[in-house]
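# Close look at the chain arrangement
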Amino acid sequence: MQWTVIVGLTLALSGCDGAALEEDSGGESEGMSMNSGTAGDDDGGGGDGGGDDGGGGGDEVPNSSYCSDVSSWDTQMVEFEEDVLVIVNEVRAAGASCGGASFAATGPLTMNPELRCAARVHSKDMLERGYFDHTNPDGEDPFVRMNRAGYDWFTAGENIAAGQPTPSEVMQGWMDSPGHCRNIMSPDFADIGVGAFAGEGGAYGLYWTQVFGDR
């Protein structure tokens, strides 16, 4: 099966006033990524539903009304999220070049329950409502979602992707895109949330969101 992947926008915000730090567009490749986020695209490998078969424990996200729909999570999707975190910290420890800009080795990110909630909410929503963007059909951007999940950020960013069947493939797509790579390698971030969601209803089958932040 031919994978389709699209690389779109990347966005990071810094400061309480939400001043834009960076926004850049990518090209097309096999896979789909967006940076505020990054998007990739696939035929649906990666599980049979991210939110309802009870694999994940409720302690992975806050016990709040906003996070309640993503507190029970498919076991494979939980593993995928943890695998993405491992790869993120491996590349941060090694240093990387993002579109010709060198990033020195930097410290690891910690999986934050509030950011994980925001990431899961967005991946699930993109699949269920059939869109691929950092801003949902209600006009909520990544930074609104982080706040609603309970994360009072000072610096924040998001990568999205869809269609890549494995953590290693989605991470390779993000690292090959300068904007997404910069989010992953930024020393300004201390926390991360990863949300992976698979199902039959979406155009790409498997949706990925990385949310980055520091307070």
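Here the structure is shown first, and the text comes after it.
I will try to describe carefully the structure that is included in this document. (Residues numbered from 1 in each chain as written. Predicted model: local features only at pLDDT ≥ 70, side-chain atom pairs only at ≥ 80, totals over all residues. Heavy atoms only, no water.)

### Thoughts on the overall build of the protein
Applied cut-off: Here a strand is any run of E in DSSP of at least two residues, a helix any run of H or I of at least four, and the numbering for each starts at the N terminus. Note on contacts: a residue pair qualifies if any of its non-hydrogen atoms lie within 4.5 Å across the two residues. In short, Shrake-Rupley with a 1.4 Å probe defines the accessible areas, and a residue's cover is counted only from the protein chains shown.
Helices and strands together make up the secondary structure of the protein, namely five helices and eleven strands. For the protein, contacts bridging at least 24 residues in sequence account for 74% of all contacts bridging at least 6. For the protein, the accessible surface area stands at approximately 8500 Å², while carbon and sulfur atoms represent 48% of it.

### Concerning the environment of F154
To keep things clear, this is the line we draw: Partly exposed describes any residue whose relative accessible area lies between the buried limit of under 20% and the exposed limit of over 50%, with all areas from a 1.4 Å probe on protein chains only and scaled to the type maximum.
Residue position: F154 is located in the loop between α3 (142-149) and β9 (155-162). Judged by relative accessible area, F154 falls into the partly exposed class, the value being 40%. Once the C-alpha coordinates of F154 and F189 are considered, the two residues, 35 residues apart in sequence, prove to be 9.7 Å apart.

### Focus: the packing of helix α2 (residues 113-129) against α3
To keep it simple, the criterion reads: Orientation is described by axes fitted as lines to C-alpha atoms, over the contacting stretch for helices, and by angles from 0 to 180 degrees between their N-to-C directions. Oblique is the label for every angle not falling under 35 degrees (roughly parallel), over 145 degrees (roughly antiparallel), or within 65 to 115 degrees (roughly perpendicular). The sense of a crossing depends on the near helix, which, turned anticlockwise from the far helix by less than a right angle, makes the crossing left-handed and, turned clockwise, makes it right-handed. Under the grouping applied here, Gly and all other residues not named as nonpolar or charged are polar, the nonpolar ones being Ala, Val, Leu, Ile, Met, Phe, Trp, Tyr, Cys and Pro and the charged ones Asp, Glu, Lys and Arg.
Close contact between α2 and α3 brings their axes to 8 Å; oriented N to C, the two are set at 130°. On the basis of the axis angle, α2 is oblique to α3. Once α2 is placed against α3, the crossing between them reads as right-handed. For the pair α2 and α3, the contacting residues are E114, L115, C117, A118 and H122 in the first and R145, M146 and A149 in the second. Tallied by class, residues from the contact of α2 with α3 come to five nonpolar, one polar and two charged.

### Examining helix α1 (residues 75-94)
Operational definition: Here a helix's expected span is defined as the number of its residues, less one, multiplied by 1.5 Å. In the analysis that follows, any N or O atom pair within 3.5 Å is treated as a polar contact, provided that within protein one partner can donate a hydrogen and the other can accept it, and provided that, for residues neighboring in sequence, both atoms belong to side chains.
An ideal rise of 1.5 Å per residue puts 28 Å on 20 residues; α1 measures up with 29 Å between its terminal C-alpha atoms. For α1, every residue scored as buried is listed here: M77, V78, F80, E81, V84, L85, V88, N89 and R92. Contact partners of the buried residues in α1: β8 (110-111), α2, α4 (167-175), α5 (178-185), β10 (191-198) and β11 (206-214). N-capping of α1 is provided by D74, with a side-chain oxygen placed 3.0 Å from the backbone N of Q76.

### Regarding the pairing of β9
Note the threshold: The pairing criterion is simple: DSSP has to find at least two bridges between the two strands.
When you tally the buried positions in β9, you get eight out of eight residues, the bulk of the element. Because side chains alternate across β9, one face comprises the buried residues T155, G157, N159 and A161, and the other comprises A156, E158, I160 and A162, equally buried. With eight bridges joining them, β9 and β11 adopt antiparallel strand pairing. Residue pairing across strands places A156 opposite G213, the latter belonging to β11.

### Some details on the state of the cysteines
Applicable threshold: Two cysteine sulfur atoms make up a disulfide if the distance between them is within 2.5 Å.
Tallied over the full model, the rule gives two disulfides. In this model, C67 is linked to C117 through a disulfide, with the two sulfur atoms separated by 2.1 Å. One quick way to see it: the torsion about the S-S bond of C67 and C117 is about -100°, and its sign makes the bridge left-handed. Within this pair, whereas C67 is found in the loop between β5 (32-36) and α1, its partner C117 is found in helix α2, the two being separated by 50 residues in sequence. One disulfide in the model links C98 with C181; its S-S distance is 2.0 Å. The disulfide joining C98 to C181 has a torsion of about -60° about its S-S bond and is therefore left-handed. Of the two residues, C98 is situated in strand β6 (residues 96-98) and C181 in helix α5; the sequence distance between them amounts to 83 residues. Take C98 and C181: they sit in the same class, and that class is buried.

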